[in-house]
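Structural overview for review
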Amino acid sequence: MFESIQPQSNPADNEWREHLADFVKANQKELAALAWGLWQEWGKSDDTLGIDLEPRPHFVSCPKEAIATLNQNVNNKLQEVLGIVDHHNPETEVLLLGIAKGQIKLIQFKIEPPPPICFQEVGEDLETLLHRLEECLCQQMKL
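A brief look at the structure comes next. Values in this document were obtained by computation on a predicted structure and should not be read as measured data. (Residues numbered from 1 in each chain as written. Predicted model: local features only at pLDDT ≥ 70, side-chain atom pairs only at ≥ 80, totals over all residues. Heavy atoms only, no water.)

**With respect to the overall build of the chain**
This is how it is decided: Strands are runs of DSSP state E lasting at least two residues, helices are runs of H or I lasting at least four, and both sets are numbered from the N terminus onward. For a compact globule the rule gives 2.2 Å times the number of residues to the power 0.38, and the radius of gyration it is set against comes from C-alpha atoms. Contacts are assigned to residue pairs that have any heavy atoms within 4.5 Å of one another. Using the Shrake-Rupley algorithm and a 1.4 Å probe, accessible areas are obtained, with residue cover drawn only from the displayed protein chains.
Each helix and strand counted, the chain has six helices and four strands in total. Against the globule reference of 15 Å for 143 residues, the chain gives a C-alpha radius of gyration of 16 Å, in line with a compact fold. Across its three principal directions, the C-alpha atoms of the chain cover 55 × 35 × 30 Å. For the chain, the proportion of contacts with a sequence separation of at least 24, taken over those separated by at least 6, is 59%. For the chain, the accessible area works out to roughly 8,700 Å², and carbon and sulfur atoms hold 50% of it.

This is the structure:
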């Protein structure tokens, strides 16, 4: 029998991951629209859209350099995350980093129609969409 290398975490410590997954599932089209709109606004940069849950859920820009620095600080345990960030195609998929309790959760999904079409179909300006999703996120996270 194998023993765990790391101690088992308290299930309550991971509850945020389940709430975040439920939020993403319920709002895929809107998140695709937001990711596409922000990618356009950010000048098609290498930044990844993040959801920081503390102190109150809000969206953030996660520069690739910051993710690389974090990877170095945790002895390259995020190397796979960097690979996904490097090969992310915002025209066909959505990539988000959930951030809470000193942990990250990588969220990646493809959606039909693709993000540019989702943005057109949602038809809201970025500020309105961002505010609406943050409010939904607060409700989902029970805050």
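**Looking at the side chain of Thr48**
Condition: For every residue, the accessible area obtained with a 1.4 Å probe (protein chains only) is divided by the maximum for its type, and the residue is called buried under 20%, exposed over 50%, and partly exposed between those limits.
Mapped onto the fold, Thr48 is located in strand E1 (residues 48–52). For Thr48, a relative accessible area of 5% translates into the label buried. If near-sequence neighbours (up to four positions away) are discounted, Thr48 is found in contact with Trp42, Val60, Ser61, Cys62, Ile67, Val85, Leu95 and Leu97.

**Looking at the side chain of Asp52**
The criterion, for reference: Only four residue types enter the tally: Lys and Arg on the positive side, Asp and Glu on the negative side; His and the chain ends are excluded. Any Lys or Arg side-chain nitrogen located within 4 Å of an Asp or Glu carboxyl oxygen qualifies as a salt bridge. Here a polar contact is recorded for every N or O atom pair within 3.5 Å, except that within protein the pair must consist of a potential hydrogen donor and a potential acceptor, and residues adjacent in sequence are included only if both atoms are side-chain atoms.
Note that Asp52 resides in strand E1. No salt bridge is formed by the buried Asp52; its nearest oppositely charged neighbour, Lys101, is found at 11 Å. A distance of 3.2 Å separates a polar side-chain atom of Asp52 from the backbone nitrogen of Glu54. Discounting residues that sit within four places of it in the chain, Asp52 has contacts with Pro57, His58, Val60 and Ile99.

**Quick notes on unusual backbone geometry**
A cis amide bond links Glu54 with the next residue in sequence, Pro55, at an omega value of 0°. Counting through the fold element by element, Pro55 comes out in the loop between E1 and strand E2 (58–62). Here the bond from Glu112 into Pro113 is cis, since omega is 0°, no more than 30 degrees from zero. With respect to the helices and strands, Pro113 occurs in the loop between strand E4 (103–110) and helix H5 (115–122). Phi at Asn75 takes a positive value of approximately 55°, unusual for a residue other than glycine. The residue Asn75 is located in the loop between helix H3 (64–73) and helix H4 (79–86) in this model. A positive phi angle is found at Lys101, which is not glycine, with a value near 50°. The residue Lys101 is located in the loop between strand E3 (93–100) and E4 in this model.

**Some details on the sheet that holds E1**
This is how the line gets drawn: Following DSSP output, two strands are said to pair if at least two bridges run between them. Simply put, an axis is a line fit to the C-alpha atoms, just over the touching stretch for a helix, and the angle between two N-to-C directions goes from 0 to 180 degrees.
The four strands are arranged E2-E1-E3-E4 in an open sheet whose pairing can be described as mixed. Strands with a single pairing partner mark the edges of an open sheet, and in this sheet they are E2 and E4. Within this sheet the neighbouring strands show an average axis-to-axis angle of 30°, counted without direction. In the sheet, E1 pairs with E2 via five bridges, with the strands oriented antiparallel. Its bridge partner lying in E2, Ile51 is registered against Phe59. The strands touched by helix H1 (residues 15–26) are E1, E2, E3 and E4; relative to E4, the strand with the most contacts, the crossing angle is about 25°. Contacts from helix H2 (residues 28–41) reach E1, E2, E3 and E4, with the element oriented near 95° to E3.

**Comments concerning the pairing of E4**
Bridge count for E3 against E4 is eight bridges, and the pairing is antiparallel. When the sheet's bridge partners are listed, Gly98 is paired in E4 with Lys105. Between E3 and E4, which pair antiparallel one after the other, the connecting turn spans two residues, and Lys101 there sits at a positive phi close to 50°.

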